[in-house]
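Chain and residue survey
Below, each chain spelled out in residue letters.
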Amino acid sequence: MPGITREEVAHLARLARLELSGEELDHFAGQLDDIIGAVARVSEVADQDVPPTSHPLPLTNVMRADEVRPSLTPEQALSGAPAQEQQRFKVPQILGEE
Amino acid sequence: MTDNSIIKLTAAETARRIAAGELTAVEVTEAHLARIEAVDEKVHAFLHVDREGALAQAREVDAKRARGEELGPLAGVPLALKDIFTTRSMPTTVGSKILEGWIPPYDATLTKRLKDADVVILGKTNMDEFAMGSSTENSAYGPTGNPWDLTRIPGGSGGGSSAALASFQAPLAIGTDTGGSIRQPAAVTATVGVKPTYGAVSRYGMVAFSSSLDQGGPCARTVLDAALLHEAIAGHDPLDSTSIDAPVPPVVEAARNGSVQGMRVGVVRQFRGEGYQAGVVQRFEESVGLLKELGAEVVELDCPSFDLALAAYYLIAPSECSSNLARFDAMRYGLRVGDDGTRSAEDVTSLTREAGFGAEVKRRIMLGTYALSSGYYDAYYGSAQKVRTLITRDFEKAFEQVDVIVSPTTPTTAFPIGERADDPMAMYLADLCTIPTNLAGNAAMSLPCGLAPEDGLPVGLQIIAPAMKDDRLYKVGAAVEAAFVERWGHTLLEEAPSL
Amino acid sequence: MTVTDLVSYEDALASYDPVMGLEVHVELGTKTKMFCGCSTELGAQPNAQTCPTCLGLPGSLPVVNATGVESAVKIGLALHCEIAEWCRFARKNYFYPDMPKNFQTSQYDEPIAFDGYLDVQLEDGEVFRVEIERAHMEEDTGKSTHVGGATGRIHGASHSLLDYNRAGIPLIEIVTKPITGAGERAPEVAKAYVAELRELIRALGVSEARMEMGQMRCDVNLSLMPKGSERFGTRSETKNVNSLRSVERAARFEIQRHAAVLSSGGSIVQETRHFHEDDGSTTSGRVKEEAEDYRYFPEPDLVPVAPPRAWVEELRATLPELPRLRRNRLREEWGVPALEMQAILNAGAVDLIAATVEAGARPAAARKWWMGELARSANESGRSLDELDITPAQVARIAELVAAGELNDKLARQVIVGVLAGEGDPDTVVEKRGLKVVSDDGALGAAVDEAIAGNAAVADKIRGGKVAAVGALVGAVMKTTRGQADAARVKELILQRLGVEG
Ligand SMILES: [Mg+2]
Ligand SMILES: [Zn+2]
């Protein structure tokens, strides 16, 4: 596996919404490179015909009946909000649309 | 009866005396609050102490008794709750600045069960931020000291819980174990910690680090106390889709009937070698000898894929955490930084996460973001999930030959605070022996097995059982504990320095 | 808005073949959200239908709504899809303030239903098969209101307000395979497909699929390839096209825009575009510096879904008749031409007419009232037919009264007005307004005599054999009886009095 570059670290930081400082970028680039170098060992098994495990227990079909349960009150829902207005969460301007 | 005699009691004995009227729950709670007052400035096990709430709960227990109501097996016993479970009456910070002061509008299922069992919740304990770490140094609120040596780490991420137990601030505590965060702190503080089978204890209201690995569990000073707490918190929860819908294994019964007579105990070749401290290996080998003396048959096992466990863990856990922690975006709760009326939501989110997360959390988020990104997924995350399958198969094969597996809990004793703080690779090695169990989802315990001769610090013995066979941990653990206490003439914690 | 060069639709189609992909999101009509027990009832106070799970609070966990899964399987089966024997939910990771966890719980490479088709009928009766790639389960986002901007739009807003009542409402996303070979009819196919899908969803009873309320939303992906080529071009993705007419217009616009770009030597940028209802155009969405990387992975908080085969077969057995087949059957039973049936469908009257026939009306009568008087009334009040305050049973009763001669058409219209105004059921309205047809000879006799006396010249003509002139006398009688007379009986009486054989 090729090492990780500072530019890649900057890209990851943007994807993860972390406003890293230049110093942090340098520091993390070095550390992530070491860690990735070590964990890349797992690719030893990449071509083995083994099913991946996403869940440790072999459970399936855990579902609930379509029955209404009490919600929080709007006051409770908004109790931790950094800002609110008109019983809604107030957030800075949103750029673009998904 | 002096305060000191109250705080050194086991949970089982405390509950017995309260039920018998020999002690009141309020007396017990006050004794522990006084102890916290006296020593926690030095230890820093607690992030929040709920004096009023605890006393109110204690008064309720005493009132119940006065009314002639039957009390549960842990009624009135104080407990230190890891600050990762939501509590309506106390802040829940997960050791992070990003949730400073957050009071959740709901109780975790585990919190509810503790209250229903009349366990008195003293407060919330310190932890590595978002449970990421093996030393509790990653807490945004400062490190916790190991009561055996306050300059050393109490383990992590649940260092607050283990330190609270070892310094007699509470006879019971709750931890969570994603890669060893219950067992490794137990090992380095000479306490008992159990990671139950994945799905045994509800995760509803437990702030997620790595969903497929996280598991809450009991921490205590004796195997029986851990079993009593295990029984109180385990069981099916319809609010957690990954919760096991089956009866809880008979852990208390097993803890009361400790025995290894006729059992086959496995020793895994991969759990030794480089990186293990001599004194740790020595105490472990003595433990294996003890098991033989007690009538167990010891079997050598080979689990080759365990060598890849650490690598797989450091892909899976960061991947899941990068997604789980995305919700901390400054929009609905928690910290908000940089909202000056001109910045966009996106910028405020980035500034807040930058200011609110510590270095280890950021490192893991970045690592997980990398491992999941297109082009890398198959090589990293995909392969790690395959390793997981192989480890599970190694365990299955091993458990065809043995009833339980034993190993050192952690390769070294408690290291000095600061020693590995900016050396993630060295820090990650602390969980070498505990991680395979999290990846496979089965159960494991750590209990004290002596002090390392070279530094006089506690060593932990890990016992591993198959999934859903948690009772075996307690059966073996109780037998080992009884034999050691007989050999030493007292519990190991008696040798800890007084604070 | 930038002015977009277009080439004429005909010119575009002369050089290029369109390839379409349609992605439709349907909000299910379950009582609760997909992963929590919060109500989905409309009209609640902001943030009154939220809980730790749908707010994404730390520590919260999802649990799957069984009815959501059942609805997904029903939709899959009705679309002739295979139903996965085992599938998982996946997390789609991206940051957006309306999404509480900053990942959407969705499905990725293991959809619950896949590889199906939907046959749609075009206006001239031609049947076009649209292949279905997949139908998968996911959740809706919250709603944001943008404050401070001039138009309430996102641009120029100072801040936004978020209501998470909608967050977590179950969605089924239905994705077609690339639709090729429709040629110039591509926009029509797109519209017919969405219309047919809507009928199907309603017939299954899993959602009301009201596009105007956002319960059904369509993304139109479109690309062109030069005639004769088999290689798809770069596509544009026009988001949230939320009416049948808009779907057709958006496809048409994009065909013309792509053709203009391509034939002037330019190349199409892969981007999302926004559709504008006012002029039917599309404009470019925000240009992202970096391609979105959703970092999908299996949702560890939810266990796999493995629909048991026996249960799937049970559901298959309960599927209603497909709307297109039912429509064709009804068309034959009612004896209407294809074009009129299309009009009935467009008016949303198929079910209402069927129910009216079911209640005893003759098909022609049921059609006449729903597509005539009632359609007019709905039109005037800006409502859909099924929102009118009249039931198929009431319409059937009115038709019955007409057939029995107790009402004539004019009176029947007045009865309808009365029922719509809330005056009661048809019989009550007839009673209260005194609308019964007068066919009693005694009461009519005087009016007939009066009419003959007042129109002597006409009466003479009739006596002289010009029987057709009787209409004028009937009209006079109707006038004096204010329309309540039974016209047929009046005619008989006049001819009788004048001694002429009818
Ligand atoms: Mg979607
Ligand atoms: Zn909810």
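Residues numbered from 1 in each chain as written. Chains lettered and ligands numbered in written order. Predicted model: local features only at pLDDT ≥ 70, side-chain atom pairs only at ≥ 80, totals over all residues. Heavy atoms only, no water.

Here we come to the packing of aromatic side chains. Considering all chains together, one arrives at 22 aromatic pairs over all chains under this definition. Here Phe 395 of chain B and Phe 399 of chain B contribute two aromatic rings whose centre-to-centre distance is 5.9 Å and whose plane-to-plane angle is 10°, an arrangement assigned as stacked. You can see Phe 395 of chain B and its partner Phe 399 of chain B sitting in helix H14 (residues 378–401), 4 residues apart, about one turn around the helix. Per residue, the accessibility class of Phe 395 of chain B equals that of Phe 399 of chain B, and both read buried. Among the aromatic side chains, those forming a connected cluster through ring pairs are Trp 102, Phe 130, Phe 328, Tyr 333 and Phe 357 of chain B. Directly above the ring of Phe 168 of chain B sits Lys 8 of chain B, whose terminal nitrogen or CZ lies 4.9 Å from the centroid. Looking at Arg 129 of chain C, its charged tip hangs above the ring of Tyr 117 of chain C, at a distance of 3.6 Å from the centre. (Phe/Tyr/Trp six-rings, centres within 6.5 Å; stacked < 30°, edge-to-face > 60°. Helix = DSSP H or I, 4+ residues; strand = E, 2+ residues; numbered from the N terminus. Buried < 20%, exposed > 50% of the residue type's maximum accessible area, 1.4 Å probe, protein only. Lys NZ or Arg CZ within 6 Å of the ring centre and 35° of its normal.)

Glancing now at the layout of surface pockets. Residues and elements named next belong to chain C. When its volume is computed, the second largest pocket comes out at roughly 1,000 Å³. Contributing to the lining of the second largest pocket are 38 residues, with Arg 198, Arg 202, Leu 345, Asn 346 and Gly 348 lying nearest its centre. Every element with two or more residues in the lining of the second largest pocket is listed here: helix H3 (186–204), helix H4 (244–263), helix H7 (338–346), helix H8 (350–358) and helix H9 (363–381). Broken down by element, the residue count for the lining of the second largest pocket peaks at 8 residues, all from H3. (1 Å grid on protein atoms, 1.4 Å probe; cavity = no way out; pocket = protein on both sides within 12 Å on 5 of 7 lines; lining within 4 Å. Points joined across faces, edges and corners; volume = space filled by probe spheres on them.)

What follows concerns the coordination of the magnesium ion (ligand 1). Residue and element names in this part refer to chain C. Distances from the magnesium ion (ligand 1) to its protein donors, His 25 (NE2), Glu 138 (OE), Glu 138 (OE) and Glu 173 (OE), fall within 1.9 to 2.7 Å. Coordination of the magnesium ion (ligand 1) draws on donor residues from a single chain, spaced H-x112-E-x34-E in sequence. With His 25 in strand S1 (residues 16–27) and Glu 173 in strand S10 (residues 170–176), this pair connects stretches of sequence that are 148 residues apart. Assigned by exposure class, His 25 and Glu 173 land together as buried. (Donors = N, O, S within 2.8 Å, 3.2 Å for Na, K, Ca; no water.)

It is worth spelling out the coordination of the zinc ion (ligand 2) at this point. All names here are of chain C. At 2.3 to 2.4 Å from the zinc ion (ligand 2) lie its protein donor atoms, namely Cys 36 (SG), Cys 38 (SG), Cys 51 (SG) and Cys 54 (SG). What the 4 donor atoms of the zinc ion (ligand 2) show is an angle range of 100 to 116° at the metal, which sorts the shape as tetrahedral. As a motif over one chain, the donors of the zinc ion (ligand 2) read C-x1-C-x12-C-x2-C. Note that Cys 38 is positioned in the loop between S1 and strand S2 (64–65) and Cys 51 in the loop between S1 and S2, a separation of 13 residues in sequence. When its relative accessible area of 9% is taken as the criterion, Cys 51 is described as buried. (Tetrahedral: all angles 85-135°; square planar, octahedral: opposite > 155°, others 65-115°.)

All right, on to the interface of chain A and chain B then. At the junction of the two partners, chain A supplies 54 residues and chain B supplies 64 residues. The contact between chain A and chain B buries some 5,000 Å² in all, and 68% of this surface belongs to carbon and sulfur atoms. Between the two partners, chain A and chain B, sit 1 salt bridge. Put simply, Lys 362 of chain B and Glu 24 of chain A hold a salt bridge, and the shortest N to O gap is 2.8 Å. Where chain A meets chain B, there are 18 residue pairs in polar contact (both at pLDDT 80 or more). Broken down by secondary-structure element, the contributors of at least two residues to the side of chain A that touches chain B are helix H1 (6–15), helix H2 (22–39) and strand S3 (88–92) of chain A. Ranked by the residues each element gives to the side of chain A that touches chain B, the list is headed by H2 of chain A, at 9 residues. In terms of residue class, the side of chain A that touches chain B is built from 35 nonpolar, 11 polar and 8 charged. (Contact = heavy atoms within 4.5 Å. Buried area = accessible area lost by both parts, 1.4 Å probe. Salt bridge = Lys/Arg side-chain N within 4 Å of Asp/Glu carboxyl O. Polar contact = N/O pair within 3.5 Å; in protein donor to acceptor, adjacent residues only side chain to side chain. Nonpolar A, V, L, I, M, F, W, Y, C, P; charged D, E, K, R; others polar.)

Before going further, it helps to spend a moment on empty space enclosed by the protein. Enumeration over the complete set of coordinates arrives at 11 cavities of 30 Å³ or more. Forming the boundary of the largest cavity are Gln 121, Leu 122, Glu 123, Gly 125, Arg 327, Asn 328, Arg 331, Ala 338, Met 341, Gln 342 and Leu 345 of chain C. Here the element with the most residues in the lining of the largest cavity is H7 of chain C; it accounts for 4 residues. Its residues placed into classes, the lining of the largest cavity shows 4 nonpolar, 4 polar and 3 charged. A domain-level breakdown of the lining of the largest cavity finds at least three residues from each of domain 1 (3–311) and domain 2 (321–421) of chain C. Estimates place the volume of the second largest cavity at around 80 Å³. Arg 327 of chain B together with Thr 53, Ser 60, Leu 61, Pro 62, Arg 91, Lys 101, Phe 103, Thr 105, Glu 299 and Asp 301 of chain C together form the lining of the second largest cavity. Of the residues that constitute the lining of the second largest cavity, the class distribution is 3 nonpolar, 3 polar and 5 charged. (Domains from an automatic or database assignment.)

What follows is about the pattern of salt bridges. The tally for this structure, following the rule as stated, stands at 71 salt bridges over all chains. Note that Lys 115 of chain B is salt-bridged to Asp 107 of chain B, the shortest N-O span being 3.0 Å. Using a relative accessible area of 31% as the deciding quantity, one classes Lys 115 of chain B as partly exposed. The class for Asp 107 of chain B is buried, based on a relative accessible area of 10%. Here Glu 299 of chain C makes a salt bridge to Arg 91 of chain C, at a shortest N to O gap of 3.0 Å.

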